[in-house]
Amino acid sequence: MPEKETNQFRRTYIAAGIICLCFMIFSLLFVFRMMKQNESENMEYLYDAADQNRVTLMKQITGDLQTLDAVSICISESGMGSDDEIRTVLKKINDNNTFIRMGLTDREGKLDLVDVGGDVFRGVDVSFREFYHRAMSGQDAISGTFRDTLGRPENEKEEDAVYINYYGVPVEKDGDIIGVLCAVNSSRMMREIIDTPVLNGRGFSAVISSDGDFVVRSVHSDAAFMEAGRLSEVKGLDEAEREGIIRQMEKGASGRFEYRINGRTQKGVFIPAGVDDWYIFSMVPELALRHRYSQTALGTFMIIAAACLIFLFLLRRQNHIMTRSREVLLKLAYEDPLTGCRNLARFVMDAEDVLRKANGTHYAVWYCDLKKFKYFNDVFGYEAGDRLLIFLADILDHGVGKDGLFCRVGADNFAGLMPYEDREGLYRWFQELQRRLSEESIGANRLRAELSMGFYCVGESEDRTISVNDMVNRANMAQKSVKQGQGSRCAFFSSEILQRTLKEAELETNGDQALANGEFVVYMQPKVDIQHGDRLDGAEALVRWNSREKGLIPPGEFIPIFERTGFIVKLDRYIFEQVCRWFGGWLAEGGPRINVAVNVSRLGMLQHDFVEYYWSVKERFGIPDLCLELEFTESMIVDDEMFKDTVTSMREKGFVCSMDDFGSGYSSLNLLKNLPIDVLKLDVLFFREGTDVYRERVVISQVIAMARKLQIKTIAEGVEAEEQVRFLRSVGCDVVQGFVFARPMPLEAFEKLLYRTEGKEFKVK
Ligand code: C2E
Ligand code: MG
Ligand code: MG
């Protein structure tokens, strides 16, 4: 992955991480704030718990005291005098309530206590008890909790001990308090009230008098409360807290406090019990208070953390998917699917990189084309063609070495970049490639695959700033310059090649416009019948491009280009129409019948309406049969049968058909035997200098003799010397077309020539 994108991904992760962290911190802060707020709510809850204890306790004690008050009134009103009478009544009453003992004191605070079991404890002294004094002062009173000693064994164990409380109400007679009606109750009753669970049993309560004495404590008390007998003995309750509690209790107010036990904080509240000077204390661990909220907080935090994790996971997955699809896209965008090597787009990027870091190393961009690749495909099939391409890619892969790169441009074209020292080295490298390539055999045939290659040496020319794409184009121009030649070839880009290519490209694009401008003109080159007194026999129409910018351009410069682009079809038809228009006019004006030949391109002949078109034009201009001759070249014969059919059809439509440039390629005499042609045009090359004249003449005379026997007319082209004419005449050649008689000329000149030479001998110039 490119560094830039790795950094982008990293930045995205960091940003996402920070967002998640912030999210978690804020949610934590929020949850803590909520917890704090809810803590006070929980304290209220603790107050409620204490208040419930208070209400229950008050109910119980008030009930008990009311019972005693009623008994007290009975005693006062009934006028019971003797102790026995009172004991009997108390015994009866006691049997019907929860008290364990009852008794009535005298004015000194002594009394006989009647047990529920019927036992009587005589002379029990309660005068030292505070409750007694309060009762004597006219109040209903209840004592603190203390151990019961009456009727209990002396060395009673602590666990067997029974704790009790005294209730005391004044007994009046004639407005005077004569004693205190006492009842003893087990403090278990109060403890059961105090044992009521606080906060699902996590807290506990106690009753403490305002002077700090414990009245009763819950069995659930923590160690600090369990072990203390007084408030001041509660461990973990610091001085300030204790003083705070006492201050509040002195005011008769409720309050809150905290102490620590085993390193944990206990929170507590106290409220007046409404009984005596007692206070109800309810305590709970701080954690229990927070428990509910800490669970909510934990839950919330977990959900947020999980959400963040899922978010990060999805982000990562998303990135992963993106990276994968990016890789696939890059592969599709930058890789050639057949050979697996770079494609041109990728090559351009990489080559730019290499050239930027070249640091004095010389690099050459090359471009190669597999020659006759179409033929391989046609003959051996596409699979074999593919194999050849893969093999070539493999050779190139090894060939370019670690410092070079290459790509498949498309079809059978590859381009590359490689360091070099001199041109000689590049040339040797090309030969080595060619050697390795020719080792490949396809199918049953051993095929020598050939390459044409062009080099562009980077930085060699003045133009140092051209793009890699332009370098590839230049290497391709060099390649094209040797493509047509035989065998494997390579060439180096030069300014001449550039000029030529530019010119060709210009011609290629200017064709249509030139046609519309009427820049294409017809020239006629006379043909002379040398067997009948050198009389004008006819002419061949030859196109000339009379360019407004470049002057007269010979067909050799633009015909091959137009054949490549397909424009030749239009041009051929245009020339044919021009010729027919002139010829029709000429004949209409009574001009003598001559034979006029036009050239037909291979592509033109392959058009589906070829026969119809040429015939319709011939008809339109009223040209009689056998006056128009169509020149085909032997290189056009790809499919014998089709060619034969076309020629036959054209002959049926009244055209004369000739075989042009016979002898320029690998002419086969078989052609003469098989094809229904009327005329054979021997190529000018027959008469080029430097050939063995004798042998040449033997060949020519034999070809002509054979043609005559087959009743095929012979025309010799490119004849420049009189002596050649004499020879041709002597061997029976019918017609000569050559500079020896006349060069190609414009139509007007040809017309004049026709008038001038009518019926006369055509003089050799
Ligand atoms: P071609 O059809 O074989 O035409 C004969 C060529 O030989 C003409 O060249 C002509 O000028 C040249 N020639 C004739 N006598 C002599 C001679 O004594 N000495 C020399 N050195 N040359 C001689 P041109 O006009 O340059 O045409 C070249 C080729 O271009 C033609 O060869 C033909 O193949 C093609 N061509 C010309 N006009 C057309 C056209 O309208 N359509 C098509 N498809 N091809 C055309
Ligand atoms: Mg011709
Ligand atoms: Mg020719």
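See the structure above.
Residues numbered from 1 in each chain as written. Chains lettered and ligands numbered in written order. Predicted model: local features only at pLDDT ≥ 70, side-chain atom pairs only at ≥ 80, totals over all residues. Heavy atoms only, no water.

1. Comments concerning the overall build of the protein
Each helix and strand counted, the protein has 22 helices and 28 strands in total. Relative to its length of 765 residues, the protein is extended, with a C-alpha radius of gyration of 64 Å against a globular reference of 27 Å. The principal-axis extents of the C-alpha atoms in the protein amount to approximately 195 × 60 × 50 Å. Relative to its 765 residues, the protein shows a buried fraction of 46%. Accessible surface computed for the protein: about 39900 Å², of which carbon and sulfur atoms make up 52%. Separation of charge centres in the protein, based on 95 positive and 116 negative side chains, amounts to 7 Å. (Helix = DSSP H or I, 4+ residues; strand = E, 2+ residues; numbered from the N terminus. Rg over C-alpha atoms; globule rule 2.2 N^0.38 Å. Buried < 20%, exposed > 50% of the residue type's maximum accessible area, 1.4 Å probe, protein only. Areas by Shrake-Rupley, 256 points an atom, 1.4 Å probe, with all protein chains shown as cover. Lys, Arg positive; Asp, Glu negative; His and termini not counted. Charge placed at Lys NZ, Arg CZ, Asp CG, Glu CD.)

2. Remarks on the site of ligand 1
Taken together, the neighbourhood of ligand 1 is formed by 22 residues, with D572, N599, D660, E720 and F739 sitting nearest. Contacts to ligand 1 include F739, whose backbone N or O atom sits 2.9 Å from an oxygen atom. Burial of ligand 1 by the protein amounts to 82% of the accessible area it has alone, namely 790 Å². Listing elements by their share of the shell around ligand 1, those giving two or more residues are β20 (535-547), α14 (555-565), α15 (567-588) and β24 (656-662). Broken down by element, the shell around ligand 1 gets its largest block of residues, four residues, from β20. Tallied by class, the residues present in the shell around ligand 1 amount to eight nonpolar, six polar and eight charged. (Near = heavy atom within 4 Å. Polar contact = N/O pair within 3.5 Å; in protein donor to acceptor, adjacent residues only side chain to side chain. Nonpolar A, V, L, I, M, F, W, Y, C, P; charged D, E, K, R; others polar.)

3. Some points on a nonpolar patch on the surface
Together, L21, I25, F26 and L29 make up a nonpolar patch on the protein surface, roughly 430 Å² of accessible area in all. Relative to the helices and strands, L21 is located in helix α1 (residues 3-78). (Patch = residues over 30% accessible without salt bridge, like charges linked within 9 Å, V, L, I, M, F, W, Y side chains within 5 Å. Salt bridge = Lys/Arg side-chain N within 4 Å of Asp/Glu carboxyl O.)

4. Considering the coordination of the magnesium ion (ligand 3)
Distances from the magnesium ion (ligand 3) to its protein donors, D660 (OD), D661 (OD), E717 (OE) and E717 (OE), fall at 2.1 to 2.7 Å. The sequence motif formed by the donor residues of the magnesium ion (ligand 3) is D-D-x55-E. A separation of 4.0 Å is found between the magnesium ion (ligand 3) and the magnesium ion (ligand 2), which are bridged by D660. On the basis of relative accessible area, D660 is assigned to the buried category, the value being 5%. Residue D661 is classed as partly exposed on the basis of its relative accessible area, which comes to 24%. (Donors = N, O, S within 2.8 Å, 3.2 Å for Na, K, Ca; no water.)

5. Thoughts on the environment of I208
Mapped onto the elements of the fold, I208 is located in strand β8 (residues 204-209). Residue classification places I208 among the buried positions, given a relative accessible area of 0%. On a C-alpha basis, the gap between I208 and W615 in space is 134 Å, while along the polypeptide they are 407 residues apart. Non-local contacts of I208, meaning those with residues more than four positions away in its chain, are made with D213, F214, V215, F225, L231, D277, W278, Y279 and F281. (Contact = heavy atoms within 4.5 Å.)

6. Description of the pairing of β20
For β20, a buried count of eleven out of 13 residues is recorded, marking the element as mostly surrounded by other parts of the structure. Pairing between strand β19 (residues 520-529) and β20: ten bridges, direction antiparallel. Note on β20: the bridge partner recorded for Q525 is E540. Hairpin connection from β19 to β20: five residues lie between these consecutive antiparallel strands, with G533 at a positive phi of about 75°. Examined bridge by bridge, β20 and strand β22 (residues 595-599) share three bridges and lie parallel to one another. (Pairing = 2+ DSSP bridges.)

7. Observations concerning the pairing of strand β25 (residues 679-682)
Judged by which residues are buried, β25 turns out to be covered on both faces: V679 and K681 on one side and L680 and L682 on the other are all buried. Summarising the sheet, β24 and β25 pair through three bridges and their orientation is parallel. Counted as the bridge partner of F662 is L682 from β25. Pairing of β25 with strand β26 (residues 713-717), which is carried by four bridges, proceeds in the parallel orientation. From the neighbouring strand, L682 faces β26, where its bridge partner is A716.

8. Overview of the packing of helix α8 (residues 344-356) against helix α12 (residues 468-483)
Two elements in contact, α8 and α12, have axes separated by 9 Å at closest approach and are oriented at 110°. The angle between the axes of α8 and α12 places the two elements in the roughly perpendicular class. Side by side, α8 and α12 meet where L344, F347, V348, A351, E352 and L355 of the first sit next to V468, N469, M471 and V472 of the second. Broken down by class, the residue content of the contact of α8 with α12 amounts to eight nonpolar, one polar and one charged. (Axes fitted to C-alpha atoms, helices over the stretch in contact; angles between N-to-C directions. Parallel < 35°, antiparallel > 145°, perpendicular 65-115°, else oblique.)

9. Considerations on the coordination of the magnesium ion (ligand 2)
Taken together, the protein ligands of the magnesium ion (ligand 2) are E540 (OE), N599 (OD1), E631 (OE) and D660 (OD), with distances of 2.0 to 2.3 Å. Binding-site remark: the magnesium ion (ligand 2) is held by donors from one chain whose sequence spacing is E-x58-N-x31-E-x28-D. Residue classification places E631 among the buried positions, given a relative accessible area of 1%.

10. A word on helix α18 (residues 640-652)
The end-to-end C-alpha distance of α18 is 18 Å, a good match for the 18 Å that 13 residues give at a rise of 1.5 Å each. What α18 keeps buried is the set F643, T646, V647 and M650. Projected down its long axis, α18 carries its buried residues within an arc of 95°, all on one side. Elements in contact with the buried residues of α18: α16 (602-605), α17 (610-620), β23 (628-633) and β24. With its phi angle positive at about 95°, G654 sits one or two positions after the end of α18. (Expected span 1.5 Å × (residues − 1). Arc of directions from axis to C-beta.)

11. Here we look at the sheet that holds β8
Strand order in this open sheet of five strands is β9-β8-β12-β11-β10, and the pairing throughout is antiparallel. The sheet terminates laterally at β9 (214-217) and β10 (255-261), the two strands that pair on one side only. Here the average twist between neighbouring strands, direction ignored, is 25°. Relative to strand β12 (residues 278-285), β8 is paired through six bridges, and the arrangement is antiparallel. Each residue of the ladder has a partner; that of F204, found in β12, is M283.

12. Details of the pattern of salt bridges
Taken as a whole and judged by the stated rule, the model has 44 salt bridges. We note a salt bridge from D176 to R107, for which the minimum N-O separation is 3.0 Å. With D176 in strand β7 (residues 176-186) and R107 in the loop between β1 (101-104) and β2 (110-115), this pair connects stretches of sequence that are 69 residues apart. Classification of R107 as partly exposed rests on a relative accessible area of 44%. Between E156 and R147 there is a salt bridge whose closest N-O contact spans 3.9 Å. We classify R147 as partly exposed; its relative accessible area is 28%. One continuous salt-bridge network, built from bridges that share partners, spans R147, R152, E156 and E158.

13. Notes on the state of the cysteines
The final tally for this structure, using the stated rule, is zero disulfides. Looking at the unpaired C733, the closest cysteine sulfur is the one in C657, lying at 19 Å. Residue C733 is classed as buried on the basis of its relative accessible area, which comes to 0%. (Disulfide = S-S within 2.5 Å.)

14. Let's talk about the sheet that holds strand β14 (residues 363-370)
An order of β13-β15-β16-β14-β17-β18 is seen for the six strands of this open sheet, with the pairing classed as mixed. Each edge of the open sheet carries a strand with a single partner, namely β13 (342-343) and β18 (489-492). In terms of strand pairing, strand β17 (residues 451-457) meets β18 through four bridges, oriented parallel. Note that in β18 the partner of M453 across the bridge is C490. Here helix α10 (residues 382-400) sits on the sheet in contact with β14, β15 (405-410), β16 (413-419) and β17, set at roughly 155° to β15.

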